[in-house]
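# Chain and residue survey
Chain residues, written in single-letter form:
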Amino acid sequence: LKLGSLAPELSIQTNCGWFSLTEQIGKKVVDFFPRAGTSGCTKEAIQFSALTDAFLKENTIVIGISKDKPARLVKFRLKHNLTCLLGADHETDLCEQFGVWVKKSM
């Protein structure tokens, strides 16, 4: 996506029910991540969870969307005591629509 362009519709099952981007009008929304359990993604998810109140004050919703299956995300959430929403894009192409999932070049 380019700065200022409209985001595609995003509707995904999370650990807390369905999340729809159209229901977030006027809010900022963060983030996609490659895989649960990788070092960078884990550090990021822990920090985002620690900053939940700060994000809320900035009218920002944190949802981590990855290609992981729901069961893996449940384990990831429990293992690291995460509070941010987690969405599993294992059966759809949301990550591709947002340009965050591409084939490795190596």
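Scroll up to find the structure.
The rules we used
- Residues numbered from 1 in each chain as written.
- Predicted model: local features only at pLDDT ≥ 70, side-chain atom pairs only at ≥ 80, totals over all residues.
- Heavy atoms only, no water.
- Helix = DSSP H or I, 4+ residues; strand = E, 2+ residues; numbered from the N terminus.
- Core = buried A, V, L, I, M, F, W, Y, C linked by side-chain atoms within 4.5 Å.
- Buried < 20%, exposed > 50% of the residue type's maximum accessible area, 1.4 Å probe, protein only.
- Contact = heavy atoms within 4.5 Å.
- Polar contact = N/O pair within 3.5 Å; in protein donor to acceptor, adjacent residues only side chain to side chain.
- Salt bridge = Lys/Arg side-chain N within 4 Å of Asp/Glu carboxyl O.

To continue, consider unusual backbone geometry. Phi angles above zero are rare outside glycine, and Asn 59 is one such case at about 60°. Position of Asn 59 among the secondary structure elements: in the loop between helix H2 (52-57) and strand S4 (60-66). The backbone phi angle of Asn 81 is positive, close to 55°, even though this residue is not glycine. In this structure, Asn 81 sits in the loop between helix H3 (70-80) and strand S5 (85-88).

Buried together is how nonpolar side chains tend to be arranged in soluble globular proteins. One finds Phe 33, Ala 36, Val 62, Leu 73, Phe 76, Leu 82 and Leu 86 to be the most contacted residues of the largest nonpolar core, which totals 13 residues. For this core, the element with the most residues is helix H1 (residues 39-50), which contributes three residues. Apart from the residues within four sequence positions on either side, Phe 76 is in contact with Phe 33, Ala 36, Gly 37, Cys 41, Thr 42, Ala 45, Leu 82 and Leu 86.

Moving on, we get to the side chain of Asp 89. With respect to the element layout, Asp 89 can be found in the loop between S5 and helix H4 (94-97). From its side chain, Asp 89 meets the backbone nitrogen of Cys 95 in a polar contact 2.8 Å long. Asp 89 has contacts with Ile 12, Ile 65, Ser 66, Lys 67, Asp 68, Leu 94, Cys 95 and Glu 96, leaving out every residue within four places of it along the chain.

Turning to the pattern of salt bridges, a few remarks are in order. The final tally for this structure, using the stated rule, is four salt bridges. For Lys 67, the salt bridge is made with Asp 89, and the minimal N-O distance between the two is 3.3 Å. Of this pair, Lys 67 sits in the loop between S4 and H3 while Asp 89 sits in the loop between S5 and H4; the two residues are 22 residues apart in sequence, bridging distant segments of the chain. Side by side, Lys 67 and Asp 89 carry an identical accessibility label, which is buried. Here Asp 68 ties to Arg 72 by a salt bridge, and the two come within 3.2 Å at their closest N and O atoms. You can call Asp 68 buried: its relative accessible area is 2%. Overlapping salt bridges, with partners in common, bring together Arg 35, Asp 68 and Arg 72 in one network.

Our next topic: the environment of Asn 81. Take Asn 81: its relative accessible area is 63%, and that puts it in the exposed class. Placed 35 residues apart in sequence, Asn 81 and Ile 46 show a C-alpha to C-alpha distance of 7.9 Å.

Attention now moves to the environment of Glu 58. Inspection of the secondary structure assignment puts Glu 58 in the loop between H2 and S4. Classification of Glu 58 as partly exposed rests on a relative accessible area of 48%. Remark: the alpha-carbon pair of Glu 58 and Lys 28, spanning 30 residues in sequence, is separated by 8.1 Å.

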